[in-house]
There are 2 protein chains.
Amino acid sequence: MIGVLGAGQLGRMLALAGIPMGESFTFLHPQESACVRGLGEVIVAPYDDRARLEELARRAEVVTYEFESVPVDPVRWLASRVPVYPPPRALEVGQDRFAEKTFFEELGIPTARFAKVDDQRSLEDAVHRLGFPAFLKTRRGGYDGKGQARFANAADVAGAFAKLGGVPAILESHVTFERELSILAVRAKDGEVRTYPLVENHHRAGILRVSHAPAPDITAALEQKARTYAERVTAKLDYVGVLAIELFQAGDELLANEMAPRVHNSGHYSIEGAHTSQFENHLRAIRGLPLGDTRSVGPSAMVNILGGIPKSSEILGVPGAHLHLYGKDPKPGRKVGHVTLRATTPSELAERLALLERIVSHV
Amino acid sequence: MIGVLGAGQLGRMLALAGIPMGESFTFLHPQESACVRGLGEVIVAPYDDRARLEELARRAEVVTYEFESVPVDPVRWLASRVPVYPPPRALEVGQDRFAEKTFFEELGIPTARFAKVDDQRSLEDAVHRLGFPAFLKTRRGGYDGKGQARFANAADVAGAFAKLGGVPAILESHVTFERELSILAVRAKDGEVRTYPLVENHHRAGILRVSHAPAPDITAALEQKARTYAERVTAKLDYVGVLAIELFQAGDELLANEMAPRVHNSGHYSIEGAHTSQFENHLRAIRGLPLGDTRSVGPSAMVNILGGIPKSSEILGVPGAHLHLYGKDPKPGRKVGHVTLRATTPSELAERLALLERIVSHV
């Protein structure tokens, strides 16, 4: 049995990939979750409930997590009792924007310029060094664009540390980039690393809307650069499982923005768009099984369904569309599903995507 | 909610395809079944339990079946209360070898020569007309090579009717053929038919072992012939869902052997080997949703796992392999899973298949 911390859509898709392989799952999650209903047992408990963690450790052969904000201490405690993959260190690094950027820097992976911010004074020093525009972000928490402030000039900086909650933060210089890419890597227990082709991501209001896989117009040198970065990160962490790195492309340069020590939204296309899905490969890795082929089947796009759910008949009326709903109640801005779109050529994909986006954005 | 009569591996794979589409399932099955555990509710009841069928009719929006030996009367009764797809008439035709061959004959679809056998006397008349070798088969029941007798000469015929159980039977003349193929078709409520490429099937001891998809060396004319037959069959039955027809190839000729009004073992490759799996397309059809792309992703093979389960690490060590276990306890001769094997070229597939068959046959 595989234990999973978290029970959202990533847990759901892990279970759907694992059941055919003969796996069973137990999720530990603070609330009941509709996403994994029927797909495994659910232990409803806070992530730091030692008694329930102990129960999970006793019953699971291996534990993984699908939510990168799980507190690190209980995960370390768990890892002393049962194998936990990815390693807790990856979780720790990924949870702290300053630690993460420092980690990239130590591995020779370029990032935006950054500085540690612990109070208004250090914020002002940092602004002085990095200049405008710049972004203040909390070191911990915040995702999908939350927990951030943008500074265009000195007036924006006044009182900004308190406004962001007076919590440890990081200032990042503005980066001019053409597009956001991500690379998904899977590393096996024996150290083998396989990477999926670079994916191009489009956000709106800080939330991922569409990914193109493979990203168009990627040179072999750029692909190799991303692959090298993923290899450095996963090797350093003695990583096992799937890891995603978000990258900004500026010409031939790739700047690491952040990493996620788990299966990733920009890899959802892989269920139909790659020879082996990220979910299957994550499970293969943490189970010590041989990794699967990470190549693309052909041009694909992933479109998130946010807020409301369009009619299945409309979505599936777009040729090449496959529907993935997460079992969640619709709520404004909530990720309730995604569509994988497949096509034979990039231009066919573009046509189909135009049709699909009209349907999905109309909800 | 989708009601399913039967709860074996086909039900399991239907549910795994449907859950991402937001579907939920209730299975009606005479015994508890490990195959569908967690994937839906199970009503444990005989197929003719009217009270439980009534309950299923009340709760389900549509009912399908995954087992072609479900008795027809209860299905007809159910169909008067809730939409049932495929139509009960398909079940009825498929359950009776004589009705099935007659049905093919009426549609101008070639078959082996055949004759109705109701007693020893009509058996002897039939043998006289059809000659040797010939096969006596029960009209109903029997699958995977059971319920059949082969006659090489007159001595074999003596007492054969009683030996086969004294039940209504059919005599079929021997057909010289090069290989067995199957065609999977999916028909939508609006009459649209899509077919999967012809698959080549290899049996051992009457049980399907390996399917090659697409079947190699198929001419466009042969593919078109199979497609035409599938269109005739599905149109005549006003069919909705996936249907399989097993065909014998003799040169440019295709002889229909039998049909299965359901998703089919020879279509299991489609989970990874086609753009839309047979399971997803069956659900799309019975739900009145647009059909998905039935084309192959590339050369694939499906290898059944019979009896015992090899180590996952060995199976997945074969490049391009994907594992599908059914949650069943191993038992000699029992289908407990299958492997889909993917490759880029036919020769690569052949190499991989040789590796895989060594592992699977060693169990």
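Every chain begins its residue count from 1, and numbering advances along the sequence as written. Chain labels run from A onward and ligand labels from 1 onward, assigned in the order the entries are written. For this predicted model, a pLDDT threshold of at least 70 governs which residues receive local features, and a threshold of 80 or more governs which side-chain atom pairs are given and counted, while totals over whole chains, interfaces and linings are taken from all residues. By convention in this description, side-chain values take in all heavy atoms of the structure and omit both hydrogens and water.

## Focus: the overall build of chain A
Move 1: Each helix corresponds to a stretch of at least 4 residues labelled H or I by DSSP, and each strand to a stretch of at least 2 residues labelled E; elements are numbered beginning at the N terminus. Of the regular secondary structure elements, chain A holds 13 helices and 17 strands.
Move 2: Against the 2.2 N^0.38 benchmark of 21 Å for 363 residues, chain A shows a C-alpha radius of gyration of 20 Å, consistent with a compact globule.
Move 3: If one aligns the C-alpha atoms of chain A with their principal axes, the spans along those axes are about 55 × 55 × 40 Å.
Move 4: The classification of residues rests on relative accessible area computed with a 1.4 Å probe and restricted to protein chains. Under 20% of the type maximum is buried, over 50% is exposed, and intermediate values are partly exposed. Every one of the 363 residues in chain A was classed for burial, and the buried ones make up 59%.
Move 5: Any two residues whose heavy atoms approach within 4.5 Å at even a single point are treated as in contact. Expressed as a percentage of contacts within chain A between residues at least 6 apart in sequence, the contacts between residues at least 24 apart total 61%.
Move 6: About 14100 Å² of surface is accessible on chain A, with carbon and sulfur atoms providing 50% of the total.
Move 7: With 43 positive and 44 negative side-chain charges, chain A shows a spacing of 2 Å between the two charge centroids. Every radius of gyration here is taken over C-alpha atoms, with the globule rule written as 2.2 Å times N^0.38, N being the number of residues. A 1.4 Å probe and the Shrake-Rupley method give the accessible areas. Residues count as covered only by the protein chains that appear here. Note that His is not counted, nor are the chain ends; the positive residues are Lys and Arg, and the negative ones are Asp and Glu. The atoms used to mark charge sites are NZ of Lys, CZ of Arg, CG of Asp and CD of Glu.

## Comments concerning the domain arrangement of chain A
Move 1: For every domain, the bounds stem from an assignment made automatically or drawn from a database. Looking at chain A, the domain boundaries give domain 1 (2–84), domain 2 (113–173) and domain 3 (179–361).
Move 2: Centre-to-centre, using C-alpha coordinates, domain 1 of chain A lies 35 Å away from domain 2 of chain A.

## A few points about the relation of the copies chain B and chain A
Move 1: Of the transformation superimposing chain B on chain A, the axial component is 0.0 Å and the angular component is 180°, with the fit at an RMSD of 0.0 Å. What we have between these two chains is a two-fold relation. Residues of chain B ranked by C-alpha distance from the rotation axis are headed by Gly38 of chain B, positioned 2.3 Å from it.
Move 2: In this assembly, 100% of the residues forming the interface of chain B have copies in chain A that are likewise at the interface, indicating an isologous arrangement. Copy-to-copy alignment: least squares on C-alpha atoms, limited to residues at pLDDT 70 or above in both.

## As for the interface of chain B and chain A
Move 1: Every contact between the two is made by 27 residues of chain B and, on the other side, 27 residues of chain A.
Move 2: Simply put, the buried area is the total loss of 1.4 Å probe accessible area from both parts when two parts are fitted together. At the boundary of chain B with chain A, total buried surface from both sides reaches about 2300 Å², with 57% on carbon and sulfur atoms.
Move 3: The largest contributions to the chain B side of the interface with chain A come from Pro20, Leu316 and His322 of chain B, which together make up 21% of the buried area.
Move 4: Note on definitions: salt bridges are taken to be side-chain nitrogens of Lys or Arg within 4 Å of carboxyl oxygens of Asp or Glu. Taken together, the connections running from chain B to chain A amount to 0 salt bridges.
Move 5: By the criterion applied in these results, polar contacts are pairs of N or O atoms within 3.5 Å in which, for protein atoms, one can donate a hydrogen and the other can accept it, and in which residues neighboring in sequence qualify only through two side-chain atoms. Counting across the chain B and chain A interface gives 12 residue pairs in polar contact (both at pLDDT 80 or more).

## Remarks on the environment of Leu28 of chain B
Residues and elements named next belong to chain B.
Move 1: Locating Leu28 in the fold gives a position in strand 2 (residues 25–29).
Move 2: Looking at Leu28, the relative accessible area reads 0%, which means it is buried.
Move 3: For the pair Leu28 and Ala230, spaced 202 residues apart in sequence, the C-alpha separation works out to 29 Å.
Move 4: Residues within four places of Leu28 in sequence aside, it is in contact with Val4, Leu5, Gly6, Ile43, Ala45, Pro46, Tyr47, Arg52, Leu53 and Leu56.

## Brief notes about helix 13 (residues 346–361) of chain B
All names here are of chain B.
Move 1: Each residue after the first adds 1.5 Å to the expected span of a helix. Between its first and last C-alpha atoms helix 13 spans 21 Å; for 16 residues at 1.5 Å apiece the expected length is 22 Å, and the two agree.
Move 2: By the burial criterion, the buried members of helix 13 are Leu349, Arg352, Leu353, Leu356, Ile359 and Val360. One side of helix 13 carries all its buried residues, which in axial view fall inside an arc of 120°.
Move 3: Where helix 13 is buried, its residues touch strand 12 (207–213), strand 15 (300–306), helix 12 (312–316) and strand 17 (335–342). This arc corresponds to the set of directions leading from the helix axis out to the C-beta atoms.

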